[in-house]
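# Examination of the molecular architecture
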Amino acid sequence: MTVLDLRDVPGFSPLIVDYADDFDRLSSYYARNPRLDGEYEALADLCGRRNYRRADLRAVLLAQQAAWEAPAAVRARVDDLCRPEGLAVCTGQQTGLFGGPLFTLYKALTAVAWAHRLEQNLRRPVVPLFWMASEDHDILEADHVDLADRSANLAQIRHTAWESPDGFMPANLQLGPAIRDTLDRLRALLPATEFSDAVCGALASAYAPDRTLARAFAHWMTHLLGETGLVLVDAADPGLKRMAAGVFRRELEEAPRTSRAIVEVSQSLRASGYPAQIEARPDGVNCFLLERGRRPLVRDAAGFRLRDTGEVRPAASLYRAAEESPERFSPNVALRPIVQDTLFPTLAYVAGPGELAYFAQLRSVYAAFDIPMPVIVPRATLSLLEPRIAQLLARFRLGLHDLTAEPGQLASRILRDQLPPDLENTLAAARQVDRHAPQLFHG
């Protein structure tokens, strides 16, 4: 395995590079340094002194695991989490077709490995959780999967014939009979290997016509990782929403307090040369109203205004709805971690590059809700090589870092390295002879 220095890899923002190599420059934006074991011990003690509704969580989580036929290993980990000393390492991703992008698996596996490491160090249960963002509205991100086809070219499979498009969220999008055609197109593109039949069979079993996209995703991830003890959590569950009702009520009552705090941090980040991942509005509210989809809210003098239509709702009516019907609300990117860490005793969150950047804007939001901010752990970033490609790299003595060069420069280097040592001298001598040779003219 080759480990790359992020400074040598194009595409990573300065914030990501500094987080990995120079955390002190960012220490004012994050609550804890992921490299220091003492940070996890202190946070474990802090979580141990907080109250979590562990019995209610156990009931909801076990019902969810039963719905997607999780094995005994997962159910045992739910019990571990809900003990008084239980802790969590969380990660998450939007639920997508056939598991979505490969980094979804990387995040889940990083959470499993990190939870195991912390459990050994702290000598208390640390359970990996995967937060399924099933209320995300970006269907154009979730309705397809990219793969290498039989010719090793990049291909895309997209599913668009939804059976129930109302609200257009993975939590309520039913796959419908057309998923069979989508699966057939996938099978036709996949390379024929000894694993092909098993993979296609498992996908067909998970992505059944009568399931929603979120439920199918849960079945697939459980099939892949259930024996690791990874606990999948469907964020759209009304039972979880009821346990988080106080977060929605407080966000509405104090809005736009947290949005303004994010705006201030964003200005500080930009002044320091870093990007601001979350574009907050000074009048924004960090949760959506669920009515025919996710409806963004802004604070208005008369109460709250629906940003898409301009309709105004009285403040008292939304306060009451948050208390009595919290399933009508959904957290946005800034409030989602607050809901998660209100519910779970979270030691660490495994984040992709974009998530790691937006957590830099959330320290003041955690403080506003009096929730301890977890350690933010970058997910594993991997490049998987087919044996044939690995053999080519070995043949030409190339590492992954060499592939970051311009293609023309890399080709020239390979050719130069492959030339016999004395060939360049021979060619130079030949050119010298050619310059002094008599010129023949034919007329």
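Residues numbered from 1 in each chain as written. Predicted model: local features only at pLDDT ≥ 70, side-chain atom pairs only at ≥ 80, totals over all residues. Heavy atoms only, no water.

Structurally, L61 is set in helix 3 (residues 54–67). Taking C-alpha positions, L61 is 6.9 Å from V233, a pair spaced 172 residues apart along the chain. Apart from residues no more than four positions distant in its own chain, L61 is found in contact with V78, L81, V233 and F344. (Helix = DSSP H or I, 4+ residues; strand = E, 2+ residues; numbered from the N terminus. Contact = heavy atoms within 4.5 Å.)

Within helix 14 (residues 336–343), seven of the eight residues are buried, which leaves the element mostly enclosed by the surrounding structure. All of the buried residues along helix 14 are R336, P337, I338, V339, Q340, D341 and L343. (Buried < 20%, exposed > 50% of the residue type's maximum accessible area, 1.4 Å probe, protein only.)

As a further point, take the sheet that holds strand 7 (residues 294–300). Read across the open sheet, the five strands follow the order 9-8-7-6-10; overall the sheet is antiparallel. In this open sheet, the two edge strands, each paired with only one partner strand, are strand 9 (312–313) and strand 10 (329–331). Bridge analysis of strand 7 against strand 8 (residues 303–306) gives four bridges, and the strand direction is antiparallel. Note that in strand 8 the partner of V298 across the bridge is R305. (Pairing = 2+ DSSP bridges.)

It is worth spelling out the pattern of salt bridges at this point. Within this structure, the stated rule accounts for 24 salt bridges. With a closest N to O distance of 2.5 Å, R158 and D143 form a salt bridge. Residue R158 is located in strand 4 (residues 154–158), and its partner D143 is located in the loop between helix 6 (139–142) and strand 3 (144–148); the two are separated by 15 residues in the primary sequence. Judged by its relative accessible area of 28%, R158 is partly exposed. With relative accessibility at 4%, the residue D143 sits in the buried group. D300 serves as the salt-bridge partner of R305, at 3.3 Å between the closest nitrogen and oxygen. (Salt bridge = Lys/Arg side-chain N within 4 Å of Asp/Glu carboxyl O.)

What follows is about the nonpolar core. Ranked by size, the top nonpolar core spans 68 residues in total, and within it L15, Y30 and L252 carry the most contacts. When residues in this core are grouped by element, the largest group, five residues, is from helix 13 (residues 315–324). Setting aside its immediate chain neighbours within four residues, Y30 contacts L15, Y19, F23, L356, A357, F359, A360, R363, M373 and I376. Of all hydrophobic cores here, the second largest spans 34 residues; its members include F98, V112, A142 and Y207. (Core = buried A, V, L, I, M, F, W, Y, C linked by side-chain atoms within 4.5 Å.)

A cis amide bond links A255 with the next residue in sequence, P256, at an omega value of 5 degrees. Among the structural elements, P256 can be located in the loop between helix 11 (245–254) and helix 12 (257–271). The backbone of E69 shows a phi angle near 55 degrees, a positive value even though the residue is not glycine. Mapped onto the elements of the fold, E69 is located in the loop between helix 3 and helix 4 (72–81). Judged by its relative accessible area of 59%, E69 is exposed.

The next subject is the sheet that holds strand 11 (residues 346–351). Where strands meet in a sheet, backbone hydrogen bonds hold them as pairs that are either parallel or antiparallel. Pairing is parallel in the open sheet, where five strands are placed in the order 5-2-1-11-12. In the strand order of this sheet, the two ends are held by strand 5 (231–234) and strand 12 (375–378), each with one partner. Across this sheet, the average inter-strand angle for adjacent strands is 30 degrees, counted without regard to direction. Inspection of the sheet shows strand 11 paired to strand 12 by four bridges, in the parallel sense. Bridge assignment links Y349 to a residue of strand 12, and that residue is I376. (Axes fitted to C-alpha atoms, helices over the stretch in contact; angles between N-to-C directions.)

For the structure on display, the rule yields zero disulfides. Looking at the unpaired C82, the closest cysteine sulfur is the one in C90, lying at 12 Å. Look at C82 and you get buried, because its relative accessible area is 13%. (Disulfide = S-S within 2.5 Å.)

Inspection of every chain in the model, using the stated rule, returns ten aromatic pairs. Here the aromatic cluster, defined as three or more aromatic residues joined through ring pairs, consists of Y19, F23 and Y30. Above the ring of W114, the side-chain terminus of R117 is found at 4.9 Å from the ring centroid. (Phe/Tyr/Trp six-rings, centres within 6.5 Å; stacked < 30°, edge-to-face > 60°. Lys NZ or Arg CZ within 6 Å of the ring centre and 35° of its normal.)

Moving on: the pairing of strand 11. Across the six residues that make up strand 11, a large majority, six, are buried. Relative to strand 11, strand 1 (residues 87–94) runs parallel, the two sharing three bridges. Along strand 11, the bridge assignment pairs A88 with T346.

Among the secondary structure elements, F23 is positioned in the loop between helix 1 (14–21) and helix 2 (37–48). On a C-alpha basis, the gap between F23 and R35 in space is 9.1 Å, while along the polypeptide they are twelve residues apart. For F23, the contacting residues outside a window of four places in its chain are D18, Y30, R32, N33 and P34.

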